[in-house]
Amino acid sequence: MTAAPATTAPSRPAATDRPHRTDGVTGRRRRRALTGWLFAAPFTVLFAVFMAVPVVASLAMSFTDLRSTDLRNPWSVDVVGLDNYVRLFSDALFRRAAVNTLVFVVVGVPLTIVAGLAAATALNSALVRFRAAFRVGFYLPVVTSIVAIAVVWRFLLDPEAGLVNNLLRVVGIDGPNWLGDSSLALPSITVMAAWRNFGFLMVIFLAGLQAVPADLYEAARIDGAGRWAQFRHVTLPMLRPTLLFGAVVTGIGYLQLFEEPFVMTRGGPLSSTLSVSYHIYNQFGFGNYGYAAAASYVLFVGIVALSALQFRLLRSSE
Amino acid sequence: MSTMDTPVRGRDRAARIALYAVLVAGLLVVVGPFVWMLLSSVKPEAEIRQVPPTWLPETVTLEHYRELFSRLNFPRYFGNSLVVAVLTTAGNLVFCSALGYALAKLRFPGRRVLFAFVLGTLMVPGMVTFVPQFVLVSNMGLVNSYAGLVLPFLAGPFGVFLMRQYLLSIPDDIIEAARIDGAGEWRVFWSVVLPLCRPALATLGILTFLASWNNFLWPLVVATTEDRYTLPVALALYSVGQNRIDFGLMLAGAVVVVLPVVVVFLVLQRHFLRGIATTGLK
């Protein structure tokens, strides 16, 4: 499409010299365009109907008072302007959910990155064998259903029968009611999320580590840098783009926290694990579609803003 | 042992031992819960709740599995999950490779805009679209149907991205040669392009199947009666529906959800890890 003019220029006068060839060229071009669109059409139609339209409709819906009862009677829907957004930000429950979600992201993302980086660095060391086995093991939770994992962890964290408190009992500590205590429930879910997701970052970081040129370490060693200094001054700077990518992807995922509180705490105790996504789901369940759409757009804006912020942070500290 | 032949410096040995200690501890923490889940699912309920706990089951019982598959209709949920995942995967393989091929190898007006558009929605989360998607599906009369469960996921932007990137690495000459031999466009695609894409299709197929198998929010919203539940929906709703949950039953349910995926992962891990390394996406 952006072919250099020098290469296309000679063919054009030739085509205008002989009109019958112009027909052939445009005919072929038209046929090629048709072929292209025939291959593109099935995806494009499905995509437009089920993805593009809903993205736009979601925004439009957020300015209306659409409720589940209006689905059969679309004429009763009114445009209410920014009412949903005003209500949203004066809703104590939504503000609580937003704070919970932010705390989860702000604590969870660094925790996951540190764990992922530690695993990747350890596995990248020349001293380690059985690398593939460790890699597969650490990656295992990433491929499994969050719902199933949440069920298992709800059991692990059970105050009486749970494995965690039983292990604590062995060393003489009386473990707390992890998911039943409003100050411990969100931290428990945060640790569980890091446990589940660090394997994904490990794989990404391993690829990044293997791309660091070995002579950089060699030079650092000659300058007398120890292991930690090498990590601090060679590995970390070289890994910055990969770290940025990992932080953005993990942050986007964590902003949508839903399954864990749904299965483990039902958002409680005392709304301490209510997330924005869970709030949206609840409002949807109550039939407040317009309101839920507004909340989901706020979440979307949050996702875009977080990505932009992380890009800036990691870039500027260069 | 190589350590016997070449003397290893004491510091290296200490570092190696420390590294292994950390890695093995990490592995225990990561894999331990899965082993615990599997072992507990064959213990009687009383033994699961026993303090202090037993590690290996004293009594091995399949009662929880029997209950899942007779009283709780888990075969149905398993079947639903399978049908939805297979249809979603098949759809993505066909539609994404067709569009990926068109974007990489065919010149037609609007393809750049189309690609930018598809790429732009790669970041849009399901949470943003599910309300209008539900309104749409409900207006189509497809709530609580397999079509309703599958349609919104048949054409995913990730697959297009993956297939286009892979196809760009295939030389045009091969395709051009087939055209000169007189093969029609469809034939070129079907018997030349697709076989060349086998590795990318394998990666896309595995990742799509997995995403569909583990998908939760959409089936939770669309499957309104029990006979359309997928496995994660059934597991979640049963586990939150009771005040005092039956641990054995729920752990057996978790095993049924997790085990097929773990087996597939262990067999095909090469594809999983390559898919991530090449695209940087789940």
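Throughout this document, residue positions are counted from 1 along each chain, in the order its sequence is written. Labels are handed out in written order, letters beginning with A for the chains and numbers beginning with 1 for the ligands. A pLDDT threshold of at least 70 governs which residues receive local features in this predicted model, and a stricter bar of 80 or more applies before side-chain atom pairs are shown or counted, although totals over entire chains, interfaces and linings include all residues.

### A short note on the overall build of chain A
How we decide: Numbering goes from the N terminus for both helices and strands, where a helix is a DSSP run of H or I of at least four residues and a strand is a run of E of at least two. To sort residues by exposure, count the other C-beta atoms lying within 10 Å of each residue's C-beta; 20 or more gives buried, 12 or fewer gives exposed, and values between give partly exposed, all with C-beta atoms placed from the backbone. Contact between residues is assigned whenever the C-beta positions, reconstructed from backbone atoms, fall within 7 Å.
Of regular secondary structure, chain A possesses 14 helices and zero strands. Reading the secondary structure of chain A in the N-to-C direction produces α-α-α-α-α-α-α-α-α-α-α-α-α-α. A burial count over chain A gives 41% of its 318 residues as buried. For chain A, long-range pairs separated by at least 24 residues make up 68% of all intrachain contacts whose partners lie at least 6 apart in sequence.

### Topic: the domain arrangement of chain A
To be explicit about the condition: Throughout, the edges of the domains are those of an automatic or database domain assignment.
Partitioning chain A into domains gives domain 1 (5–61) and domain 2 (83–316). Placing a centre on the C-alpha atoms of domain 1 of chain A and another on those of domain 2 of chain A gives a separation of 43 Å.

### Re the packing of helix 7 (residues 146–156) of chain A against helix 14 (residues 231–241) of chain B
Using the following cut-off: To define axes, lines are fitted to C-alpha atoms, for helices over the stretch in contact only, and angles between the resulting N-to-C directions are given on a 0 to 180 degree scale. Under this scheme an angle from 65 to 115 degrees is roughly perpendicular, one under 35 degrees roughly parallel, and one over 145 degrees roughly antiparallel; angles in between are oblique. Should the near helix be turned counterclockwise from the far one by less than a right angle, the crossing is left-handed, whereas a clockwise turn marks it as right-handed. Under the scheme applied, nonpolar residues are Ala, Val, Leu, Ile, Met, Phe, Trp, Tyr, Cys and Pro; charged residues are Asp, Glu, Lys and Arg; polar residues are all the others, including Gly.
Running from amino to carboxyl end, helix 7 of chain A crosses helix 14 of chain B at an angle of 30°, the nearest separation of the two axes being 9 Å. Our classification of the angle between helix 7 of chain A and helix 14 of chain B gives roughly parallel. Of the two elements, helix 7 of chain A crosses helix 14 of chain B, and the hand of that crossing is left-handed. Taking contact as the criterion, the partners of V147(A), A148(A) and V151(A) in helix 7 of chain A are, on helix 14 of chain B, P232(B), L235(B), A236(B) and S239(B). In terms of residue class, the contact of helix 7 of chain A with helix 14 of chain B is made up of six nonpolar, one polar and no charged.

### Observations concerning the domain arrangement of chain B
All names here are of chain B. Per the domain assignment, the segments making up chain B are domain 1 (2–61) and domain 2 (65–279). Each of domain 1 and domain 2 was reduced to a C-alpha centroid, and the two centroids are 34 Å apart. With seven residues of domain 1 at the interface, the matching set in domain 2 holds seven residues. Of all the secondary structure elements, the ones that give two or more residues to the side of domain 1 that touches domain 2 are helix 2 (10–40) and helix 3 (45–48). At three residues, the largest contribution of residues to the side of domain 1 that touches domain 2 is made by helix 2. Looking at the side of domain 1 that touches domain 2, its residues break down into three nonpolar, two polar and two charged.

### Some words on the interface of chain B and chain A
Accessible area lost when the parts come together is the quantity often used to give the size of an interface. In this complex, chain B contributes 79 residues to the contact, which on the side of chain A involves 70 residues. Among the secondary structure elements, those contributing two or more residues to the side of chain B that touches chain A are helix 2, helix 5 (74–105), helix 6 (111–120), helix 7 (126–139), helix 12 (198–214), helix 14 and helix 15 (247–279) of chain B. With 15 residues, the top contributor of residues to the side of chain B that touches chain A is helix 15 of chain B. Residue classes in the side of chain B that touches chain A are distributed as 61 nonpolar, ten polar and eight charged.

### Topic: the nonpolar core
Here is a general trend for soluble globular proteins: nonpolar side chains tend to be buried in one another's company. What counts here: To count as a nonpolar core, a set of buried Ala, Val, Leu, Ile, Met, Phe, Trp, Tyr and Cys residues must be joined through C-beta atoms within 7 Å.
V151(A), V152(A), A295(A), L299(A), L99(B), L235(B) and A254(B) are the most contacted members of the largest nonpolar core, which has 160 residues in total. Ranked by residues supplied to this core, first place goes to helix 9 (residues 185–210) of chain A with 14 residues. Residue contacts for V152(A): discarding those within four places in its chain leaves P33(B), M37(B), L251(B) and A254(B).

### Quick word on helix 9 of chain A
What counts here: In a helix, the anticipated span is given by 1.5 Å times the number of residues less one. To get the bend at any residue, fit one axis to the seven residues that end at it and another to the seven that begin at it, then take the angle between the two axes.
The terminal C-alpha atoms of helix 9 of chain A lie 38 Å apart, and with 26 residues this matches the ideal 38 Å at 1.5 Å per residue to within 8%. A maximum bend of about 40° is found in helix 9 of chain A at N197(A).

### Some words on the packing of helix 5 of chain B against helix 12 of chain B
Residues and elements named next belong to chain B. Following both chains from N to C, one finds helix 5 and helix 12 inclined at 145°, their axes separated by 8 Å at the closest point. When the axes of helix 5 and helix 12 are compared, the crossing they make is right-handed. Where helix 5 abuts helix 12, its residues S81, V84, A85, T88, T89, N92, L93, C96 and S97 lie against L201, L204, G205, T208, F209, S212 and W213. Split by residue class, the contact of helix 5 with helix 12 holds eight nonpolar, eight polar and no charged.

### Quick notes on helix 7 of chain A
Helix 7 of chain A sits mainly inside the fold: eleven of its eleven residues count as buried. Restricting attention to buried positions, one finds in helix 7 of chain A the residues I146(A), V147(A), A148(A), I149(A), A150(A), V151(A), V152(A), W153(A), R154(A), F155(A) and L156(A).

### Digging into the confidence of the model for chain B
All names here are of chain B. Under the convention used in this document: How sure the predictor is of each residue is captured by pLDDT, a score from 0 to 100.
Predicted confidence across chain B gives a mean pLDDT of 86, with 92% of residues reaching 70 or more. For chain B, helix 1 (residues 2–5) is the element with the lowest average pLDDT, namely 42, and helix 8 (residues 146–150) is the one with the highest, namely 95. Note on residues 1–7: pLDDT under 50 across the span, and one contact to partners over four residues away in sequence or across chains. Confidence estimates for the predicted assembly give a pTM of 0.86 and an ipTM of 0.86.

### Brief notes about unusual backbone geometry
Residues and elements named next belong to chain A. With an omega dihedral of -10°, the bond running from G268 to P269 counts as a cis peptide bond. In this structure, P269 sits in the loop between helix 12 (259–264) and helix 13 (276–285). Of note in this structure, R266 is not a glycine but carries a positive phi near 55°.

### Here we look at the environment of A236(B)
Here A236(B) is to be found in helix 14. Considering only alpha carbons, one finds A236(B) and F216(B), 20 residues apart in sequence, at a separation of 9.1 Å.

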